[in-house]
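Analysis of the macromolecular model
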Amino acid sequence: MYEFRCGSPVCRTRFTAPTEDELMTEVARHVVVKHRVAKPTKSLVQFVRDNTIREIGVKP
Ligand SMILES: [Zn+2]
């Protein structure tokens with residue numbers, strides 16, 4: 001599972017998805033709808049991926 005927590009101080013959105021790809025799809029939709037970023041740039045996507053996403057387990 002992957003978890004996203006929005007890094008914006010005015011936004012406490014949090015959600016999870018089974019794969020990173022699915023999570024990034026949700027994240028892209030989130031920034032477009034909530035933060036009005038029409039076309040997230042590559043560096044923004046990279047920033048989001050590095051700073052707001054983490055893998056959560058499913059511990060053995
Ligand atoms: Zn947000």
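Residues numbered from 1 in each chain as written. Predicted model: local features only at pLDDT ≥ 70, side-chain atom pairs only at ≥ 80, totals over all residues. Heavy atoms only, no water.

With an unreviewed UniProt entry as reference, the protein chain is termed DUF1059 domain-containing protein, source organism Planosporangium mesophilum.

A short note on the overall build of the protein chain
The helix and strand tally for the protein chain stands at two helices and three strands. When the helices and strands of the protein chain are placed in sequence order, the string is β-β-α-α-β. Computed over its C-alpha atoms, the radius of gyration of the protein chain comes to 11 Å, within 12% of the 10 Å expected for a compact globule of 60 residues. Judged by the C-alpha coordinates and their principal axes, the protein chain covers about 40 × 25 × 15 Å. (Helix = DSSP H or I, 4+ residues; strand = E, 2+ residues; numbered from the N terminus. Rg over C-alpha atoms; globule rule 2.2 N^0.38 Å.)

Examining the sheet that holds strand S1 (residues 2-5)
Read across the sheet, three strands follow the order S2-S1-S3 without closing on themselves; strand pairing throughout is antiparallel. Two strands bound the open sheet, and with one partner strand each, they are strand S2 (14-17) and strand S3 (53-55). Mean inter-strand twist for the sheet, computed between neighbouring axes without regard to direction, equals 25 degrees. Both S1 and S2 contribute to a ladder of four bridges, which runs antiparallel. For Glu3, the partnering residue across the bridge sits in S2 and is Thr16. Contacting S1, S2 and S3, helix H1 (residues 20-35) crosses the sheet at an angle of about 150 degrees to S2. Running at roughly 45 degrees to S3, helix H2 (residues 42-52) makes contact with S1 and S3 of the sheet. (Pairing = 2+ DSSP bridges. Axes fitted to C-alpha atoms, helices over the stretch in contact; angles between N-to-C directions. Contact = heavy atoms within 4.5 Å.)

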